[in-house]
Amino acid sequence: MDIIKKYLFLLVFLLIVVIAWVASLVYFENSEISINPNASSYTSQLNPNFDLEELEKVVERTGRTFPVSPLDFFNLVEEN
């Protein structure tokens, strides 16, 4: 009887660990992640050809509209 009293806390703790382990196994076995079969349409490119003229227009617009040009901003950030 003395041995049971001595190791009762260890046995209860072991029982709690085993129950938590079994519960986590059941939970992870039942939780499925379903991937949308149309997911490739979200990851494909809209236009495989890269238009440099449009990029130049964007760079020009950002240079006109931003108070600080992106190049100056990155230079300021690097100094700090």
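All values derive from a computational prediction rather than experimental measurement.

Caption draft 1: Inspection of the overall build of the chain at higher detail. Helices and strands together make up the secondary structure of the chain, namely four helices and zero strands. Helices and strands appear in the chain in the N-to-C order α-α-α-α. Taken against the 2.2 N^0.38 rule, which gives 12 Å for 80 residues, the C-alpha radius of gyration of the chain at 31 Å runs more than 25% over that of a compact globule. For the chain, the C-alpha atoms occupy an extent of roughly 85 × 45 × 15 Å along the three principal directions. The distance from the centre of the 5 positive side-chain charges to the centre of the 11 negative ones in the chain is 15 Å.

Caption draft 2: Molecular detail of the environment of Glu29. With respect to the helices and strands, the residue Glu29 is situated in helix H1 (residues 2-30). Of the residues examined, Glu29 reaches a relative accessible area of 63% and is grouped as exposed. C-alpha of Glu29 to C-alpha of Phe13: the two residues are 16 residues apart in sequence and 24 Å apart in space.

Caption draft 3: Spatial organisation of the environment of Ser40. Inspection of the secondary structure assignment puts Ser40 in helix H2 (residues 39-43). Spatially, the C-alpha atom of Ser40 lies 42 Å from that of Val17, the residues being 23 residues apart in sequence.

Caption draft 4: Spotlight on H1. Taking 1.5 Å of rise per residue, 29 residues should cover 42 Å, and H1 covers 42 Å from first to last C-alpha, within 8% of that figure. Bending of H1 peaks at approximately 50° at the position of Leu8.

Caption draft 5: Layout of the confidence of the model for the chain. Confidence along the chain averages 82 in pLDDT terms, with 94% of residues attaining 70 or more. By mean pLDDT, the top-scoring element of the chain is H1 (89), and the lowest-scoring one is H2 (75).

Caption draft 6: Up close: a nonpolar patch on the surface. Nonpolar side chains collect at one region of the surface, where Ile3, Tyr7, Leu10, Leu11, Leu14, Val18, Val22 and Val26 lie side by side and expose about 750 Å² of accessible area between them. Inspection of the secondary structure assignment puts Leu10 in helix H1.

Reading the values: rules and limits
The numbering scheme is per chain: residues are counted from 1 as the chain's sequence reads. At least 70 in pLDDT is required for a residue's local features to be given in this predicted model, at least 80 for side-chain atom pairs to be given and counted, and no such filter applies to totals for whole chains, interfaces and linings, which use all residues. Think of the side-chain values as coming from all heavy atoms in the structure, minus any hydrogens and water. Each helix corresponds to a stretch of at least 4 residues labelled H or I by DSSP, and each strand to a stretch of at least 2 residues labelled E; elements are numbered beginning at the N terminus. The quantity called the radius of gyration is restricted to C-alpha atoms. Its globule counterpart is 2.2 Å times the number of residues to the power 0.38. Working convention for charge: Lys and Arg count positive, Asp and Glu count negative, and His plus the chain ends are omitted. For this purpose, a charge sits on NZ of Lys, CZ of Arg, CG of Asp or CD of Glu. Throughout this description, buried means an accessible area under 20% of the type-specific maximum (1.4 Å probe, protein chains only), exposed means over 50%, and partly exposed covers the range between. Each helix should span, by expectation, one fewer than its residue count multiplied by 1.5 Å. One axis fitted to the seven residues ending at a residue, another fitted to the seven starting there: the angle between these axes is the bend at that residue. Think of pLDDT as the predictor's per-residue confidence, scored from 0 to 100. Each patch is built from residues lacking any salt bridge and having more than 30% relative accessible area; the joining distance is 9 Å for like charges and 5 Å for nonpolar side chains (Val, Leu, Ile, Met, Phe, Trp, Tyr). Using a 1.4 Å probe, accessible areas were evaluated by the Shrake-Rupley method; residue-level cover was limited to the displayed protein chains. The term salt bridge refers to a pairing of a side-chain nitrogen on Lys or Arg with a carboxyl oxygen on Asp or Glu at a separation within 4 Å.

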